[in-house]
Amino acid sequence: MKLHLHVGVVETVDESTLDEVLAVAQCTERVLARLAPNLAVLEREDAEKVIAALEANGLHPKVMR
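Each chain carries its own residue numbering, running from 1 in the written order of its sequence. Residues qualify for local features only when their pLDDT is at least 70, as the model is predicted, and side-chain atom pairs are given and counted only at 80 or more; totals for whole chains, interfaces and linings, by contrast, use all residues. Only heavy atoms go into the side-chain values, all of them from the structure, while hydrogens and water stay out.

Colleague: Explanation requested: the layout of surface pockets in the structure shown.
Modeller: Over the atoms, a rolled probe matching the size of one water molecule traces out where space is still vacant. Space inside the largest pocket adds up to approximately 650 Å³. Along the walls of the largest pocket sit 20 residues, with Val9, Val10, Lys62, Val63 and Met64 positioned nearest its centre. For helices the rule is a DSSP run of H or I covering at least 4 residues; for strands it is a run of E covering at least 2, with both sets numbered from the N terminus onward. Put simply, the parts of the chain that give the lining of the largest pocket at least two residues each are strand E1 (7-11), helix H1 (15-24) and helix H2 (44-56). Per-element tally for the lining of the largest pocket: the top contributor is H2, with 6 residues. Basically, the charged four are Asp, Glu, Lys and Arg, the nonpolar ten are Ala, Val, Leu, Ile, Met, Phe, Trp, Tyr, Cys and Pro, and anything else, Gly included, counts as polar. When grouped by side-chain class, the residues that make up the lining of the largest pocket number 12 nonpolar, 3 polar and 5 charged. Grid spacing is 1 Å over the protein atoms alone, the probe is 1.4 Å, and a cavity is where that probe fits but cannot get out, while a pocket is an open set with protein on both sides within 12 Å along at least five of seven lines and lining residues have an atom within 4 Å of a point. Grid points are joined across faces, edges and corners, and a volume is the space filled by probe spheres set on the points.

Rendered as structure tokens:
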């Protein structure tokens, strides 16, 4: 069993958008769990990479901390 204390959850409108976001952030292989086709759980640092990658591409994701 693994216990992850600090995780981030990334939710998108659909599965293909999530796949693209994870690929851009180079986090595809680092997903801890996919709770739904459009919902991924990542380590907090990887979730921060996703946010940074989106912002670098001119997007402004809704972030809840």
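Colleague: Sorry if this is basic, but what is going on with the sheet that holds strand E2 (residues 33-36) here?
Modeller: Note: strands within a sheet are paired through backbone hydrogen bonds, in either parallel or antiparallel orientation. The pairing criterion for strands is at least two bridges between them, as found by DSSP. The sheet built from 3 strands is open, its strands ordered E1-E3-E2 with antiparallel pairing. Both outer strands of the open sheet, E1 and E2, are each paired with one neighbouring strand and no more. Taken over all neighbouring pairs, the strand axes of this sheet differ in orientation by 25 degrees on average, direction set aside. We call two residues in contact when some of their heavy atoms are within 4.5 Å. All axes here are fitted lines through C-alpha atoms, helices being fitted over the stretch that makes contact, and every angle between N-to-C directions spans 0 to 180 degrees. Sheet strands touched by H2: E1 and strand E3 (39-43). Its angle to E3, the strand with the most contacts, is close to 120 degrees.

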